[in-house]
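Residue-level listing of the chains:
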Amino acid sequence: MAIKDSPAPADRSEPIIVVDSVSKSFGPVTVLSGVSLEVTRGSMVAIVGRSGSGKSTLLRCMNALEEIDAGTIRVCGHNVDMADRATVRRLRDDVGMVFQSYNLFPHLTVLRNITLALTAVQKKSKAEAETVARRVLGLVGLADKEAAYPEQLSGGQAQRVAIARSLALNPKVMLFDEVTSALDPELTGEVLKVMEDLATGGMTMVLVTHEMGFAKRVADTVVFMHQGKVWEAGPPEKIFADPQTPELRQFLSSGL
Ligand SMILES: Nc1ncnc2c1ncn2[C@@H]1O[C@H](COP(=O)(O)OP(=O)(O)OP(=O)(O)O)[C@@H](O)[C@H]1O
């Protein structure tokens, strides 16, 4: 399957992520077992499933944060291989990842948290980096917080800064690992709104989430994982309205 690295002209039917027959164990515990899925350019894929079903591990494998034991993963044209440092560097340029914990530097302002990678890694000038940082802060609705320190932010604001920091590096794909799980319900909505705006803007996104309402409303494809396998996958209207397996039916009825 041919995967072009160039995003233009965008072909929404073209897979930008191809996971093929991936398996992974931690010691004697098999966590992923023959997982295959494709993510087309500009689409949002939501990975759902019970705790321990392998969702986060799969996402981490896509970003070379975990080694796979078998199968292949191609992301933005790169063969993901943790041992190949040059490829991992190129992968990091193309893929942004946001975690449940915001990982902001407490001693740096919001603006500086965002400009740091731009100046240190991308070698942009301070002025250039600040222009980019202000643009992405605007995108997440935090233009007025550039001088604040992380401790002065709510959890929702801190997570939006983390998303902005990732966006500043101009990724082709964004991976979100349970980014709202640590937030109070009233702060969850503002982060989901930012993610919805990104999806509407055409960003390719894969998210592990427990926010079923969001997955149902916004995702193009929902992947239900069970015991390390892709148990069912399809458009949300099919997954939520017409589950094919007792496992998915039970998961949906458990209120998760
Ligand atoms: N580094 C590790 N070492 C050993 N076992 C691990 C490691 N990371 C994950 N696991 C195990 O792999 C299994 C799958 O974990 P994973 O975090 O991928 O599940 P998940 O579906 O994302 O769950 P949750 O919704 O609770 O985050 C779990 O049994 C977990 O304990």
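What counts and what doesn't
- Residues numbered from 1 in each chain as written.
- Predicted model: local features only at pLDDT ≥ 70, side-chain atom pairs only at ≥ 80, totals over all residues.
- Heavy atoms only, no water.
- UniProt positions renumbered as here; feature names shortened; annotations may be inferred.
- Helix = DSSP H or I, 4+ residues; strand = E, 2+ residues; numbered from the N terminus.
- Near = heavy atom within 4 Å.
- Polar contact = N/O pair within 3.5 Å; in protein donor to acceptor, adjacent residues only side chain to side chain.
- Areas by Shrake-Rupley, 256 points an atom, 1.4 Å probe, with all protein chains shown as cover.
- Nonpolar A, V, L, I, M, F, W, Y, C, P; charged D, E, K, R; others polar.
- Buried < 20%, exposed > 50% of the residue type's maximum accessible area, 1.4 Å probe, protein only.
- Pairing = 2+ DSSP bridges.
- Axes fitted to C-alpha atoms, helices over the stretch in contact; angles between N-to-C directions.
- Salt bridge = Lys/Arg side-chain N within 4 Å of Asp/Glu carboxyl O.
- Core = buried A, V, L, I, M, F, W, Y, C linked by side-chain atoms within 4.5 Å.
- Contact = heavy atoms within 4.5 Å.
- Expected span 1.5 Å × (residues − 1).
- Arc of directions from axis to C-beta.
- Phe/Tyr/Trp six-rings, centres within 6.5 Å; stacked < 30°, edge-to-face > 60°.
- Lys NZ or Arg CZ within 6 Å of the ring centre and 35° of its normal.

**Observations regarding the UniProt feature "domain: ABC transporter" (unreviewed entry) in the chain**
UniProt's entry tags residues 17-252 with the feature "domain: ABC transporter" (unreviewed entry), counted in the numbering of this structure. Secondary structure across residues 17-252 comprises 39% helix and 26% strand; the distance between its end C-alpha atoms is 27 Å.

**Thoughts on the site of the ligand**
Residues in close proximity to the ligand include Phe 26, Val 31, Arg 50, Ser 51, Gly 52, Ser 53, Gly 54, Lys 55, Ser 56, Thr 57, Glu 178 and His 210, which together make up its full environment. For the ligand, an oxygen atom lies 2.9 Å from a polar atom in the side chain of Glu 178. Summarising the interface, the protein chains cover 58% of the accessible area of the ligand, which totals 630 Å² for the free molecule. The greatest single-element share of the shell around the ligand, amounting to 3 residues, is contributed by helix α1 (residues 55-62). Taken together, the residues of the shell around the ligand sort by class into 2 nonpolar, 7 polar and 3 charged.

**Topic: the environment of Lys 216**
Examined against the element boundaries, Lys 216 turns out to sit in helix α7 (residues 212-218). Here Lys 216 falls in the exposed class, since its relative accessible area comes to 51%.

**Side note on unusual backbone geometry**
Backbone geometry at Asn 103 places phi at a positive 55 degrees, although glycine is not the residue there. Mapped onto the elements, Asn 103 comes out in the loop between β6 (95-98) and α3 (110-120).

**Quick notes on the sheet that holds strand β8 (residues 204-208)**
An order of β6-β7-β8-β3-β9-β10 is seen for the 6 strands of this open sheet, with the pairing classed as mixed. Whereas interior strands pair on both sides, the edge strands pair on one side only; in this sheet they are β6 and β10 (229-234). Taken over all neighbouring pairs, the strand axes of this sheet differ in orientation by 20 degrees on average, direction set aside. Examined bridge by bridge, strand β3 (residues 44-49) and β8 share 4 bridges and lie parallel to one another.

**Here we look at the pairing of β10**
Relative to β10, strand β9 (residues 221-226) runs antiparallel, the two being bridged by 5 bridges. The residue of β10 that forms the bridge with Phe 224 is Glu 232. The turn linking β9 back onto β10 is made up of 2 residues, and Gln 227 within it adopts a positive phi angle of 50 degrees.

**Quick look at the pattern of salt bridges**
By the definition in use, this model includes 8 salt bridges. As a salt-bridge pair, Asp 94 and Lys 172 come within 3.6 Å of each other at their nearest N and O atoms. Here Lys 172 lies in the loop between α5 (155-168) and β7 (173-177) and Asp 94 lies in helix α2 (residues 85-94), a separation of 78 residues in the sequence. By relative accessible area, Asp 94 is classed as buried at 10%. Glu 130 is the salt-bridge partner of Arg 134, the closest N and O atoms lying 3.9 Å from each other.

**Observations regarding the environment of Cys 76**
Here Cys 76 is to be found in the loop between β4 (70-75) and β5 (78-79). Owing to a relative accessible area of 2%, Cys 76 belongs among the buried residues under this scheme. Spatially, the C-alpha atom of Cys 76 lies 6.5 Å from that of Ile 17, the residues being 59 residues apart in sequence.

**Looking at the nonpolar core**
Ranked by size, the top nonpolar core spans 50 residues in total, and within it Ile 114, Ile 163, Met 174, Phe 176, Met 195 and Met 205 carry the most contacts. In this structure Phe 176 touches Leu 59, Val 98, Ile 163, Met 195, Leu 198, Met 205, Val 206, Leu 207 and Val 208, once residues within four positions along its chain are discounted. By size, the runner-up hydrophobic cluster in this structure holds 30 residues, among which are Ile 17, Ile 47, Cys 61 and Val 95.

**Some points on helix α4 (residues 126-139)**
Over its 14 residues, α4 runs 20 Å from end to end, which matches the ideal 20 Å to within 8%, given 1.5 Å per residue. For α4, the set of buried residues is Ala 129, Glu 130, Val 132, Ala 133, Val 136 and Leu 137. Along the long axis of α4, the arc covered by the buried residues comes to 165 degrees, so they all point the same way. Exposed residues lying more than 90 degrees from the buried face of α4 are Ala 127 and Thr 131. Buried residues in α4 make contact with α3 and α5. Gly 141 sits one or two positions beyond α4 and adopts a positive phi of about 75 degrees.

**A few points about the packing of aromatic side chains**
Considering all chains together, one arrives at 1 aromatic pair under this definition. A cation over a ring is seen here: Lys 24 above Phe 26, with NZ or CZ 4.6 Å from the ring centre.

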